[in-house]
Amino acid sequence: MNDPLVARMRAFGTTIFTEMSALAARTGAINLGQGFPDTDGPAAMLERAATAIREGANQYPPGPGVPDLRQAVSEHRKASYGLDYDPDGEILVTVGATEAIAASVLALCEPGDEVIAFEPYYDSYAAAIALAGAVLRPVTLRPVEGRFTFDPAELRAAVGPRTRAILVNSPHNPTGTVFTRAELDEIAELCRERDLVAVTDEVYEHLTFDGVEHIPLATLPGMRERTVMISSAGKTFSVTGWKTGWVCGPAPFVRAVQTVKQFLTFTASAPWQLAVAHGLRHEMEWVSRQRADLEAKRDRLTAGLAAAGFEVYRPAGTYFVQTDIRPLGFTDGLALARELPELAGVVAIPTQVFYAHPERGSHFVRFAFCKKEAVIDEAVARLSALSRRS
């Protein structure tokens, strides 16, 4: 029988996260690949979920999301960024940010429309664009003075008559870049000039370091009315398995996204939604402590990777450190990632899988530092073998 998978999805196959996590489990290697913490979120928030289950919040919640969570998200957007979103019509709860991104692209893009995304990009972006029958137009982020950024001229050149939307991820996975106001101004100006919709993935909004500020694109002049703002609880509160996210935006955009979302999952996870509402209102001090803890872990891992011989790009946010493997004599990140459990007992993610043009990222490998200090220290000790090999 011929491959039953529709042609537009055949290029995707098994995600790199599934492959590398399975490799870690099979070999017993330390998993610094997939971005999930090995510690739990705030205890009172976890207990709120358990209480909700015991109290019977176990049936379908409303399609747009539990009202208490939508209200808490509205309060949080206002307090954090001065953005006013009506909880009844401008906020939609989703099954994590991945569903929010997919539903947004499916809702807003016709077949043949073009969507700009900065490469390297989270792998679901390309898949969502393909599902919509749209066309990905990548703009490459490159290292400049120790951080990844884009060329404004390349961004402008990527816009054509069929360009409908731009996907903006900041803080950025996998490079760790947090876009500056000047960079966001370039994006916003282009959106206003060319009447583009911005879909912003801001799941690491609270995980920035060294005093770097996260600036939502929707706060810039003329951008609230053309921005679909996406975030989630998973990274903020270390509950990635809860898959609880949200979309904020103008009512017509949110209605469009909900029209699609209702036929994907309809709704989910009332206990988690109630617990996340508690978290947004009462656990932001815990988040501040987590950010400081992650900053220290970032420093711990970056120092160890540098000592092991990698060229290290110090991230301003997220869970991840981007490294260049060429100083160690390697040039193919995918091949190295598959060999690394045997070479050093560690699993990482090859960054080239996040590029439309893999050759542009073939020499980069991503490591996660959202792990216990003892795990990071053991991983660093194992990776030091790379610089000692003959």
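Residues numbered from 1 in each chain as written. Predicted model: local features only at pLDDT ≥ 70, side-chain atom pairs only at ≥ 80, totals over all residues. Heavy atoms only, no water.

S.K.: Where do I start with the overall build of the protein chain in this structure?
M.R.: Helix and strand counts for the protein chain stand at twelve helices and 15 strands. Taken over the C-alpha trace, the protein chain has a radius of gyration of 20 Å; the compact-globule value for 390 residues is 21 Å, and the two agree within 12%. The dimensions of the protein chain, computed from C-alpha atoms along their principal axes, are 65 × 55 × 55 Å. Within the protein chain, the fraction of its 390 residues that count as buried is 57%. As displayed, the protein chain has an accessible area near 15,600 Å², and 52% of this comes from carbon and sulfur atoms. Positive and negative side-chain charges in the protein chain, numbering 39 and 47 respectively, have mean positions lying 2 Å apart. (Helix = DSSP H or I, 4+ residues; strand = E, 2+ residues; numbered from the N terminus. Rg over C-alpha atoms; globule rule 2.2 N^0.38 Å. Buried < 20%, exposed > 50% of the residue type's maximum accessible area, 1.4 Å probe, protein only. Areas by Shrake-Rupley, 256 points an atom, 1.4 Å probe, with all protein chains shown as cover. Lys, Arg positive; Asp, Glu negative; His and termini not counted. Charge placed at Lys NZ, Arg CZ, Asp CG, Glu CD.)

S.K.: Explain the sheet that holds strand β10 (residues 245–248) here, please?
M.R.: Strand pairing within a sheet occurs via backbone hydrogen bonds; the two strands may be parallel or antiparallel. The mixed open sheet is built from seven strands, whose spatial order is β2-β10-β9-β8-β7-β3-β4. With one partner strand each, in any of the chains shown, β2 (91–94) and β4 (135–140) form the two edges of the open sheet. Direction aside, the axes of adjacent strands within the sheet are offset by 20° on average. The pairing of strand β9 (residues 227–232) with β10 spans four bridges and is antiparallel. Looking across to β10, one finds that I230 is bridged to V247. Of the strands in this sheet, β2, β7 (163–169), β8 (197–201), β9 and β10 are in contact with helix α4 (residues 96–108), which crosses β9 at around 160°. (Pairing = 2+ DSSP bridges. Axes fitted to C-alpha atoms, helices over the stretch in contact; angles between N-to-C directions. Contact = heavy atoms within 4.5 Å.)

S.K.: Even after reading the chapter, I still don't get the UniProt feature "domain: Aminotransferase class I/classII large" (unreviewed entry) in the protein chain, so can you show me in this structure?
M.R.: Look at the UniProt record and you will see "domain: Aminotransferase class I/classII large" (unreviewed entry) annotated at residues 29–383. Between the C-alpha atoms that bound residues 29–383 there is a distance of 11 Å. The span itself is 40% helix and 18% strand. (UniProt positions renumbered as here; feature names shortened; annotations may be inferred.)

S.K.: Honestly, the domain arrangement of the protein chain in this entry has me stumped. Any pointers?
M.R.: Often, the extent of an interface is quoted as the loss of accessible area on bringing the components together. Domain annotation of the protein chain identifies domain 1 (7–41 + 285–388) and domain 2 (43–283). On a C-alpha basis, the centres of domain 1 and domain 2 stand 24 Å from each other. Taken together, the contact between domain 1 and domain 2 spans 38 residues of the former and 40 residues of the latter. Between domain 1 and domain 2, a total of about 3,300 Å² is buried, with carbon and sulfur atoms accounting for 61% of that surface. Interface area lost by domain 1 to domain 2 is led by A316, T318 and F354, which between them contribute 17%. Ionic pairing is found between D210 and R298, a salt bridge with its closest N-O pair at 2.7 Å. Looking at the side of domain 1 that touches domain 2, the elements that each hand over two or more residues are α1 (16–27), α10 (284–308), β12 (320–324) and β15 (364–368). (Domains from an automatic or database assignment. Buried area = accessible area lost by both parts, 1.4 Å probe. Salt bridge = Lys/Arg side-chain N within 4 Å of Asp/Glu carboxyl O.)

S.K.: Even after reading the chapter, I still don't get helix α2 (residues 43–54), so can you show me in this structure?
M.R.: Three or four residues apart is the spacing at which side chains of an α-helix point the same way, because the helix has 3.6 residues per turn. Look at α2: 17 Å from first C-alpha to last across twelve residues, which is about the 16 Å you get at 1.5 Å a residue. Listed as buried for α2 are M45, A49, T51 and A52. Down the axis of α2, the buried set is contained in an arc of 165°. They therefore lie on one face. Exposed residues pointing more than 90 degrees away from the buried face of α2 are listed as A43 and R54. Taken together, the buried residues of α2 touch α9 (270–282). Just downstream of α2, G56 is the residue with a positive phi angle, here 100°. (Expected span 1.5 Å × (residues − 1). Arc of directions from axis to C-beta.)

S.K.: What's the story with empty space enclosed by the protein in this structure? I'm lost.
M.R.: Empty pockets left among the atoms are what a rolling probe the size of a water molecule brings to light. Applying the stated criterion across every chain, the model contains two cavities of 30 Å³ or more. Of the volumes computed, that of the largest cavity is approximately 60 Å³. Lining the largest cavity, in full, are G63, V93, T94, V95, K243, T244, K261, F266, T267, A268, S269 and Q273. Looking at the lining of the largest cavity, its residues break down into four nonpolar, six polar and two charged. Empty space within the second largest cavity amounts to approximately 40 Å³. The wall of the second largest cavity is formed by V168, S170, L184, T200, E202, H214, I215, P216 and L217. (1 Å grid on protein atoms, 1.4 Å probe; cavity = no way out; pocket = protein on both sides within 12 Å on 5 of 7 lines; lining within 4 Å. Points joined across faces, edges and corners; volume = space filled by probe spheres on them. Nonpolar A, V, L, I, M, F, W, Y, C, P; charged D, E, K, R; others polar.)

S.K.: Is there a simple way to think about the packing of α2 against α9 in this case?
M.R.: Helix packing for two helices is described by the angle between their axes and how far apart those axes are. Between α2 and α9, the shortest axis-to-axis distance is 8 Å and the interhelical angle comes to 145°. The interaxial crossing formed by α2 with α9 has right-handed handedness. Along the contact surface, α2 presents A44, M45, R48, A49, A52 and I53, while α9 presents P271, W272, L274, A275, V276, H278 and G279. Grouping the constituent residues of the contact of α2 with α9 by class yields ten nonpolar, two polar and one charged. (Left-handed = near helix turned anticlockwise from the far one by under 90°.)

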